[in-house]
Amino acid sequence: MVGTNKERMNSNIDWTIAISTTTSDAIDVSEWNGGSYQMPAAFTGTAATFSGSIDNVTFDLIQTTALADRSSDTVGVNQVNPMPPEAFNYRYLKFISGSTETAARTIKVFLKG
């Protein structure tokens, strides 16, 4: 059967937010076109925003197709959320908690391409 075997790429990676901060390290999403993220069992913030960069130096809040800052996602512990589609217009992404985290946090990320 020709054309029935489609190779799917996917990857599991982590964002890490250091103690007493709000912003994670950056992940490279250049080879991916979608994904989701899972909140840890303990998390201080209740909202999440994302920043993107093409050079891994200068990060700006992710914008919608109308060039407005994308609104934040409401997040809860252990919750799985889809990545914003606009995130994949950037090469690098950071996760921003709506509150300073009282401990280091690891956010699981699933990427697909």
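See the structure shown above.
Rules of the game
Numbers given for residues are sequential positions, taken from 1 along each chain in its written order. In keeping with the model being predicted, local features are shown solely for residues with a pLDDT of at least 70 and side-chain atom pairs are shown and tallied solely at 80 or more, while totals for entire chains, interfaces and linings include all residues. Heavy atoms throughout the structure, all of them, feed into the side-chain values; hydrogens and water do not. In the sections that follow, a salt bridge refers to a side-chain nitrogen of Lys or Arg positioned within 4 Å of a carboxyl oxygen of Asp or Glu. Here the nonpolar core consists of buried residues drawn from Ala, Val, Leu, Ile, Met, Phe, Trp, Tyr and Cys, with membership extended through side-chain atoms lying within 4.5 Å. Exposed residues in this analysis have more than 50% of their type's maximum accessible area, buried residues have under 20%, and partly exposed residues fall in between, with area computed by a 1.4 Å probe over protein chains only. Secondary structure elements follow DSSP: runs of H or I of four or more residues count as helices, runs of E of two or more count as strands, with numbering from the N terminus. Only heavy atoms enter the contact rule, under which two residues are in contact if any of them lie within 4.5 Å. Pairs were defined over the aromatic rings of Phe, Tyr and Trp, the Trp ring being its six-membered one, requiring ring centres within 6.5 Å. Orientation was assigned from the angle between planes: stacked under 30 degrees, edge-to-face over 60, tilted for the rest.

**Q** Please set out the pattern of salt bridges residue by residue, giving values where relevant.
**A** Applying the stated criterion across every chain yields a total of three salt bridges. The partner of arginine 105 in a salt bridge is glutamate 101, and the shortest N-O contact between them spans 2.9 Å.

**Q** Let's hear about the nonpolar core: which residues, and what values?
**A** Counting 21 residues, the largest nonpolar core has Trp15, Tyr37, Leu93 and Phe95 as its most contacted members. Only β1 (10-17), β4 (47-53), β8 (92-97) and β9 (105-112) provide two or more residues apiece to this core. Of all the elements, β9 adds the most residues to this core, at three residues. In this view, leucine 93 contacts Trp15, Asp25, Ala26, Ile27, Val29, Ser51, Gly52, Phe59, Ile62, Met83 and Ala87; residues no more than four positions away in its chain are not counted.

**Q** Which residues make up the packing of aromatic side chains, and what values do they have?
**A** The tally for this structure, following the rule as stated, stands at seven aromatic pairs. Where tryptophan 15 meets phenylalanine 50, the ring centres are 5.9 Å apart and the plane angle is 40°; that geometry is what we call tilted. Remark: phenylalanine 50 occurs in strand β4 and tryptophan 15 occurs in strand β1; sequence separation between them is 35 residues. Tryptophan 15 gets classed as buried once you look at its relative accessible area, which sits at 0%. An aromatic cluster is present here, built from Trp15, Tyr37, Phe43, Phe50 and Phe95 joined pairwise through their rings.

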